[in-house]
Amino acid sequence: MSSIPLHKRGIEASQLVLGCMRFGGGWNRNPIEAEHFKEGHEAVDAALEIGINMYDHADIYTFGKAEQVFGQVLKDRPGLREQIILQSKCGIRLQGGDDDPQRFDFSESHILSSVDGILERLQTDYLDILLLHRPDALVEPEEVASAISKLKASGKVRAFGVSNMSQGQIKLLRAYTDEPFIVNQLELSLLKHGFIDTGLHVNQLAARDNVFPEGTLEYCRMENIQLQSWGPLAQGIYSGAPLGDSPESVAATAALVAEFAERKDTTPEAIVLAWLMRHPANIQPVIGSINPKRILACKDANTLRLTREEWYRLYNCSRGKALP
C-alpha cells in the first residue's frame, strides 16, 4: 500500500486514525466518572493493538471531557505521548446563551486560547497537528497567520491543517502564511460518496445536487495535503446498524459488503474502510468509536486491497444507479 501524504512530510502516522469524539461520556456537563477513564484506556489498547498511532480530538468534543480523559490516559502511561501523533481542532464555539450563539471563530485570540486549553486538558506540551475546525465566515486571514506564527514559534503546535474546507478557502489562508496546511478532514465514506461523484458528474446535470466542493480532492492531492475522512464507517449502516427506512441502495450495499467480508474472511468494517483506502489519494479514515470490538474489527483494512472491479461494484451499489 502506498505511503500516505503525511509520511512525505516526515510524520509517520498510521493510515487508520482513532477519533476521540466519544471519550468522556455524552455531550453533557456531567462530571467525568471512573468508567470513562476505563473506556478510554480500553479504546487506546484496542487502537494500539491494530497499529493505530494517531489520535484525533477537538476542543468541543463532549464539552472538553474527551481531551481530559485522553490526557489522563497519557498521564497513566509514561512514554506513550512520544510514540503517538496527537491532532486536535479548534474554531467552533458552542452556544452559551441567547446572546452567545453557536458560531465559528478563527480570531487570533480564540485560536491561541483554544490551544492553551487543549494542551492543558491533554496534559501535553505540544500538538503534532492543529486543525481549524469549520470555515469562519468572518475569518481574517492575517489573524490566522499571526496565530499560526506564534504557535509554531512557541513549540505548542508542530503542524497545521483544516477541516471541512474547500480548495478556495485553503488557498485564501495559505496566501497569508508560509506555513503549509497538511491535512483537510472531510466527510468521506461509501455512503457519503460525493467526493467521487464530483469527478464523474463533470458536464452532467447531476452535478447540481452534489455538495462536495469541486476541485478540492484534486487540489489536496496536488498540494500533498492529507485527506482525512470523518464518519468513514457511516455510523455502521453497512456493518450491522439498523437500516430503518433507509433507501434500497443502502440495504443492497450492506448485503454486498457482507458478501465481500465473507469471501475475504474479514469484517464488514474492514471492507468499508478498504473501499476508502483503495482510493489513490491514500485517505486516512478517522474511526469514531470507543468500542474495543468495533476498533479491532477494523484491523484488516490495513492490509486489505480491493480490486478495481470490487471497488466499482461497491460504489455503483451505493449510488443506487448506473454511472453517467
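Scroll up a little and you will see the structure.
Below you will find a few notes about this structure. This one's a predicted model, so the numbers in the text were calculated from it and none came from an experiment. (Residues numbered from 1 in each chain as written. Predicted model: local features only at pLDDT ≥ 70, side-chain atom pairs only at ≥ 80, totals over all residues. Heavy atoms only, no water.)

**Overview of the overall build of the protein**
Keep this limit in mind: Put simply, DSSP marks the helices as runs of H or I at least four residues long and the strands as runs of E at least two long, and each gets a number from the N terminus on. Based on C-alpha atoms, the radius of gyration is set beside the globule rule, defined as 2.2 Å times the residue count to the power 0.38. Each residue is placed in one exposure class: buried if its accessible area under a 1.4 Å probe, protein chains only, is under 20% of its type's maximum, exposed if it is over 50%, and partly exposed if it falls in between. The criterion used for residue contact is that any of the two residues' heavy atoms lie within 4.5 Å. Surface accessibility in these figures is a Shrake-Rupley result with a 1.4 Å probe; residues are shielded only by whichever protein chains are displayed. The charge count treats Lys and Arg as positive and Asp and Glu as negative. His and the chain ends do not count. Each charge is placed at NZ for Lys, CZ for Arg, CG for Asp and CD for Glu.
Scanning the protein from terminus to terminus reveals twelve helices and ten strands. Computed over the C-alpha atoms, the radius of gyration of the protein is 20 Å, within 12% of the 20 Å expected from 2.2 N^0.38 for a compact globule of 324 residues. For the protein, the spread of C-alpha atoms along the three principal axes comes to 50 × 45 × 45 Å. Counting over 324 residues, the protein shows a buried share of 53%. Within the protein, contacts between residues at least 6 apart in sequence are counted, and of these 78% link residues at least 24 apart. As displayed, the protein has an accessible area near 14800 Å², and 49% of this comes from carbon and sulfur atoms. When the 34 basic and 42 acidic side-chain charges of the protein are each reduced to a single mean position, those positions are 4 Å apart.

**Describing the nonpolar core**
Definition in use: As used here, the term nonpolar core means buried Ala, Val, Leu, Ile, Met, Phe, Trp, Tyr and Cys residues forming a set that is joined through side-chain atoms within 4.5 Å.
Formed by 86 residues in total, the largest nonpolar core has its most connected members in Phe23, Tyr55, Phe70, Leu130 and Trp275. In terms of residue count, the dominant contributor to this core is helix α10 (residues 268–277) (eight residues). Trp275 has contacts with Ser189, Leu190, His193, Phe195, Ile196, Leu306, Trp311, Leu314 and Tyr315, leaving out every residue within four places of it along the chain. Listed in part, the 13 residues of the second largest apolar core include Leu6, Met54, Ile129 and Val286.

**Concerning a nonpolar patch on the surface**
Formally: Put simply, a patch holds well-exposed residues, over 30% relative accessible area, that have no salt bridge, with like charges counted together within 9 Å and Val, Leu, Ile, Met, Phe, Trp or Tyr side chains within 5 Å. Note on definitions: salt bridges are taken to be side-chain nitrogens of Lys or Arg within 4 Å of carboxyl oxygens of Asp or Glu.
A surface patch of nonpolar side chains, about 230 Å² in accessible area, is lined by Leu200, Tyr312 and Leu323. Of note, Leu200 is situated in helix α7 (residues 194–200). Judged by relative accessible area, which is 32%, Leu200 ranks as partly exposed.

**Brief notes about helix α9 (residues 248–263)**
Rules: Helix span, as expected, comes to 1.5 Å for every residue beyond the first.
The end-to-end C-alpha separation of α9 is 23 Å, in line with the 22 Å expected for 16 residues at 1.5 Å each. Buried residues along α9 sit in contact with α10 and α12 (308–319). Phi for Asp265, located one or two positions after α9, is positive at around 55°.

**Examining the packing of aromatic side chains**
To keep it simple, the criterion reads: We call Phe, Tyr and Trp rings a pair once their centres come within 6.5 Å, taking the six-membered ring for Trp, and we label the pair stacked below 30 degrees between planes, edge-to-face above 60, and tilted otherwise. For a lysine, the NZ atom is tested; for an arginine, the CZ atom; a charge sits over a ring if that atom is within 6 Å of the ring centre and within 35 degrees of the ring normal.
Per the stated rule, a full pass over the model turns up eleven aromatic pairs. On the numbers, 6.5 Å between centres and 25° between planes, the contact of Trp275 with Tyr315 is stacked. Here Trp275, found in helix α10, pairs with Tyr315, found in helix α12; they are 40 residues apart in sequence, far enough to count as distant. The exposure class assigned to Trp275 is buried, which follows from its relative accessible area of 0%. Among the residues examined, Tyr315 registers a relative accessible area of 0% and is labelled buried. Members of the aromatic cluster, each reached through a chain of ring pairs, are Phe195, Phe212, Trp275, Trp311, Tyr312 and Tyr315. In this structure, Arg81 packs its charged tip against the face of Tyr126, placed 4.0 Å from the ring centre.

**Examining the packing of helix α3 (residues 65–76) against helix α4 (residues 108–122)**
Which entries qualify depends on this criterion: Angles shown run from 0 to 180 degrees and are taken between the N-to-C directions of axes, each axis being a line fitted to C-alpha atoms and, for helices, limited to the stretch in contact. By the definition adopted for this analysis, an angle is roughly parallel if under 35 degrees, roughly antiparallel if over 145, roughly perpendicular if from 65 to 115, and oblique otherwise. In this classification, the charged set is Asp, Glu, Lys and Arg, the nonpolar set is Ala, Val, Leu, Ile, Met, Phe, Trp, Tyr, Cys and Pro, and all remaining amino acids, among them Gly, are polar.
It is the contact of α3 with α4, at a shortest axis distance of 6 Å, that shows an interaxial angle of 45°. When the axis of α3 is compared with that of α4, the two are oblique. Taken together, the residues of α4 that come into contact with α3 (itself represented by Glu67, Gln68, Phe70, Gly71 and Leu74) are Ile118, Arg121 and Leu122. Per-class residue counts for the contact of α3 with α4 are four nonpolar, two polar and two charged.

**Points about the packing of α4 against helix α5 (residues 141–154)**
Short version of the rule: Here is the rule for handedness: rotate from the far helix to the near one, and if that takes an anticlockwise turn smaller than a right angle the crossing is left-handed, while a clockwise turn gives right-handed.
The N-to-C vectors of α4 and α5 enclose an angle of 30°; their axes lie 8 Å apart at closest approach. One finds that α4 runs roughly parallel with respect to α5. Crossing of α4 over α5 shows right-handed handedness. Every residue of α5 that contacts α4 at Glu108, Ile111, Leu112 and Val115 is listed here: Glu143, Val144, Ser146, Ala147, Lys150 and Leu151.

**A closer look at the side chain of Arg294**
With respect to the helices and strands, the residue Arg294 is situated in helix α11 (residues 292–296). Not counting the four nearest positions on each side in its chain, Arg294 is found in contact with Leu233, Gln235, Gly236, Ser239, Glu269 and Ser289.

**A short note on unusual backbone geometry**
Backbone phi values are negative for most residues with the exception of glycine, while trans is the configuration of most peptide bonds. Positive phi, close to 60°, is recorded for Asn164, a residue that is not glycine. Note on placement: Asn164 falls in the loop between β7 (157–163) and α6 (167–174). Not every positive phi belongs to a glycine, and Asn203 is a case in point at roughly 65°. Looking at the secondary structure, you find Asn203 in the loop between α7 and α8 (216–222).

**A few points about the state of the cysteines**
To be explicit about the condition: Disulfides are defined in this document as cysteine sulfur pairs within 2.5 Å.
This model, assessed by the stated rule, comprises zero disulfides. Left without a disulfide partner, Cys220 is nearest to the cysteine sulfur of Cys90, which lies 19 Å away. Residue Cys220 is classed as buried on the basis of its relative accessible area, which comes to 0%. Counting only cysteine sulfurs, Cys20 is the nearest neighbor of Cys298, a cysteine outside any disulfide, at a range of 14 Å. The class for Cys298 is buried, based on a relative accessible area of 0%.

**Points about the pairing of strand β8 (residues 181–187)**
Every other side chain in a regular strand lies on the same face of the sheet, so the side chains alternate between the two faces. For clarity, the cut-off: Handedness is read with the strands pointing away from the viewer; a crossover is right-handed when the path from the first strand over the helix to the second is clockwise. In this scheme, strands are said to pair when DSSP sees at least two bridges between them.
For β8, the tally of buried residues reaches six of seven residues, placing the bulk of the element in the interior. Taken together, β7, α6 and β8 form a β-α-β motif whose crossover is right-handed. Where β8 meets strand β9 (residues 226–230), five bridges bridge the pair, whose relative direction is parallel. Bridge pairing in β9 links Asn184 to Leu227.

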